[in-house]
Amino acid sequence: MTNRPRVSARISAISESATLAVDAKAKAMKAEGRPVIGFGAGEPDFPTPDYIVDAAVAAAREPRYHRYTPAGGLPELKKAIAEKTARDSGYRVEPSQVLVTNGGKQAIYEAFAALLDPGDEVIVIAPYWTTYPESIKLAGGVPVYVVTDETTGYLADVEQLEAARTERTKVLLFVSPSNPTGAVYPREQVRAIGRWAAEKGLWVLTDEIYEHLVYGDAEFSSLPVEVPEIADRTVIVNGVAKTYAMTGWRVGWLIGPADVVKAASNLQSHATSNVANVSQAAAIAAVSGDLAAVDEMRKAFDRRRKTMVRMLNEIDGVFCPEPQGAFYAYPSVKGVLGKEIRGRTPQTSAELAELILDEAEVAVVPGEAFGTPGYLRLSYALGDEDLAEGVSRIQKLLAEAV
């Protein structure tokens, strides 16, 4: 007999996705008949546009899509992604520099797996999306956190990044627009960070999944476009999930230098083979089409963004900077912690989120999930009425804090 663990230490160390866990609990409560409103999942409430669905239906009837296709993606989709990237960000790449993946999460993991050796460090700006550190650790890397807060709009500067750099640093993870904060880096700051990374010989993994969801005067800037000298050490992650309301279709991609893309493609050939062909056909229609549907979604998100921020800032002890991108608000709730609410005294944002779910039947994600306790993340990718009702419930509950 052996006392060795049943599950490997590497996998045991991985945490469940906090955002998906909150969403699952909210859905379970709804199934019990409770009127839960969920602000947890980062998922547009719009249906996938009809022309994309029609392309998938047609593909399902095509016998050639009933068979294995190249593990790295349909050639026509890789070409369409290269053309879409040039169109939307000005970054020109060859189709051979594109790897089509099962959603953005697979692209992130495969990028880190291709770049990192055990002990290599990755600078991660916090608040961060929950999947980033787990992907880094699973690939053998070590996340090193640079913590930002609401006083800077959750933006990091070069001085903070340099303070976190060591001789083991290999990669900077750069995300703009940001999940969970909605922060968008100004063009000049993107250039400054990119030049710093180039000067220090670092790689950059940049997640551009929210590139089309920016508001007001904010502008999306692609780092390798702003700093061409780092393009040969940059990997871009993107996908159709957020822009085209296609979270369930599971199509993402990474773009990078040919040797890194080849290595990641080799990994994928053993891990999953090709992405489902029907989904790839739908993605071709999505990235090749115009952005009219995206513009309509962005207008709705912009309206909801303003409503949510206004209502959150009406709560004593809560401060919410105005997000400039994505579809999340990230308010500080530090002014509420330690106060009694309905016989309970939450000391952490995790305890407060649990209280809000139990008492107000509203699901939010605590800041602990994103590396910064004392905050909550609320997605405004849900209907206007549910949004107003959900935040109103939070307002009424937290008004009882003494």
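- Under an unreviewed UniProt entry, the name given to the chain is Aminotransferase, and the organism recorded is Nocardiopsis flavescens.
- UniProt lists a comment for the chain under the heading Cofactor (unreviewed entry), and it reads "pyridoxal 5'-phosphate".
- Under the UniProt heading Sequence similarities (unreviewed entry), the entry covering the chain gives this text: "Belongs to the class-I pyridoxal-phosphate-dependent aminotransferase family."

Things to note about the UniProt feature "domain: Aminotransferase class I/classII large" (unreviewed entry) in the chain
Move 1: Here, UniProt's "domain: Aminotransferase class I/classII large" (unreviewed entry) annotation points to residues 35-394.
Move 2: The span residues 35-394 is 39% helical and 14% strand by assignment, and the distance between its end C-alpha atoms comes to 14 Å.

Structural notes on the side chain of Gln106
Move 1: Inspection of the secondary structure assignment puts Gln106 in helix H5 (residues 103-115).
Move 2: Among all residues touching Gln106, those that are not within four sequence positions of it are Thr101, Gln268 and Thr272.

Side note on the sheet that holds strand E9 (residues 328-329)
Move 1: Here we have three strands laid out as an open sheet, ordered E9-E12-E11, and antiparallel in their pairing. Looking at strand neighbours, the two that pair on one side only are E9 and strand E11 (365-366), the edges of this open sheet.
Move 2: As paired elements, E11 and strand E12 (residues 376-379) share two bridges and run antiparallel to each other. Within E12, the residue paired with Pro366 across the bridge is Leu376.

Side note on helix H13 (residues 349-360)
Move 1: For H13, spanning 12 residues, the distance from its first C-alpha to its last is 15 Å, which sits close to the expected 16 Å at 1.5 Å a residue.
Move 2: Turning to H13, its buried residues number three or more, namely Ser349, Leu352, Ala353, Leu355, Ile356, Leu357 and Ala360.
Move 3: For H13, the elements touching its buried residues are helix H2 (18-31), strand E10 (362-363), E11, E12 and helix H14 (384-398).
Move 4: Among the residues trailing H13, Glu361 stands out with phi positive, at a value near 55 degrees.

Details of the environment of Ala363
Move 1: Topologically, Ala363 is positioned in strand E10.
Move 2: Between the C-alpha atoms of Ala363 and Leu398, which are 35 residues apart in sequence, the distance is 14 Å.
Move 3: Those residues in contact with Ala363, other than ones at most four positions away along the chain, are Val22, Ala26, Ile37, Gly38, Phe39, Gly40 and Leu357.

Things to note about the sheet that holds strand E3 (residues 121-126)
Hydrogen bonding along the main chain pairs the strands of a sheet, whether they run parallel or antiparallel.
Move 1: The strand order across the open sheet built from seven strands is E2-E8-E7-E6-E5-E3-E4, with neighbouring strands paired in mixed fashion. Both outer strands of the open sheet, strand E2 (98-101) and strand E4 (142-147), are each paired with one neighbouring strand and no more. For this sheet, the mean angle separating the axes of adjacent strands, direction not counted, is 20 degrees.
Move 2: As paired elements, E3 and strand E5 (residues 169-175) share four bridges and run parallel to each other. The residue bridging Ile123 from the neighbouring strand is Leu172, located in E5.
Move 3: Most of the contacts of helix H4 (residues 75-89) go to E2, to which it runs at about 115 degrees, and overall it touches E2, strand E7 (234-239) and strand E8 (252-255).
Move 4: Relative to E5, helix H8 (residues 187-199) is tilted by about 165 degrees, and along the sheet it contacts E3, E5 and strand E6 (203-207).

What to know about the environment of Ser178
Move 1: Within the fold, Ser178 resides in the loop between E5 and H8.
Move 2: Ser178 sits in the buried class, given a relative accessible area of 7%.
Move 3: In this view, Ser178 contacts Ala183, Ala326 and Tyr328; residues no more than four positions away in its chain are not counted.
Move 4: A polar contact is formed between the side chain of Ser178 and the side chain of Thr181, at a distance of 3.1 Å.

Focus: the pattern of salt bridges
Move 1: Counting across every chain of the model gives 29 salt bridges.
Move 2: Between Lys306 and Asp302 there is a salt bridge whose closest N-O contact spans 3.9 Å. Here Lys306 pairs with Asp302, and both are found in helix H12 (residues 292-313), just four residues apart, close to one helical turn.
Move 3: You can call Lys306 partly exposed: its relative accessible area is 47%.
Move 4: Given a relative accessible area of 19%, Asp302 falls into the buried group.
Move 5: Through salt bridges with shared partners, one network takes in Arg187, Glu188, Arg191, Glu219 and Glu226.

The rules behind each value
- Just so you know, the residues in each chain are numbered from 1, in the order the chain's sequence is written.
- Since the coordinates come from a predicted model, pLDDT governs what is reported: local features require at least 70, and pairs of side-chain atoms require 80 or more to be given and counted, while whole-chain, interface and lining totals use all residues.
- Hydrogens and water molecules were not included; the side-chain quantities draw on all heavy atoms of the structure.
- UniProt positions are given in the numbering used here, feature names are shortened, and annotations may be inferred rather than shown by experiment.
- Here a strand is any run of E in DSSP of at least two residues, a helix any run of H or I of at least four, and the numbering for each starts at the N terminus.
- Between two residues, a contact is recorded if the distance between any of their heavy atoms is within 4.5 Å.
- Strand pairing follows a simple DSSP-based rule, namely that at least 2 bridges must link the two strands.
- Here the expected length of a helix is defined as 1.5 Å per residue gap, with one fewer gap than residues.
- When accessible area is computed with a 1.4 Å probe and restricted to protein chains, residues below 20% of their type maximum are described as buried, those above 50% as exposed, and intermediate ones as partly exposed.
- Lines fitted to C-alpha atoms define the axes, with helix axes restricted to the stretch in contact, and inter-axis angles between N-to-C directions lie between 0 and 180 degrees.
- Polar contact criterion, stated in full: a pair of N or O atoms within 3.5 Å, where within protein one must be able to donate a hydrogen and the other to accept it, and residues adjacent in sequence count only if both atoms are side-chain atoms.
- Any Lys or Arg side-chain nitrogen located within 4 Å of an Asp or Glu carboxyl oxygen qualifies as a salt bridge.

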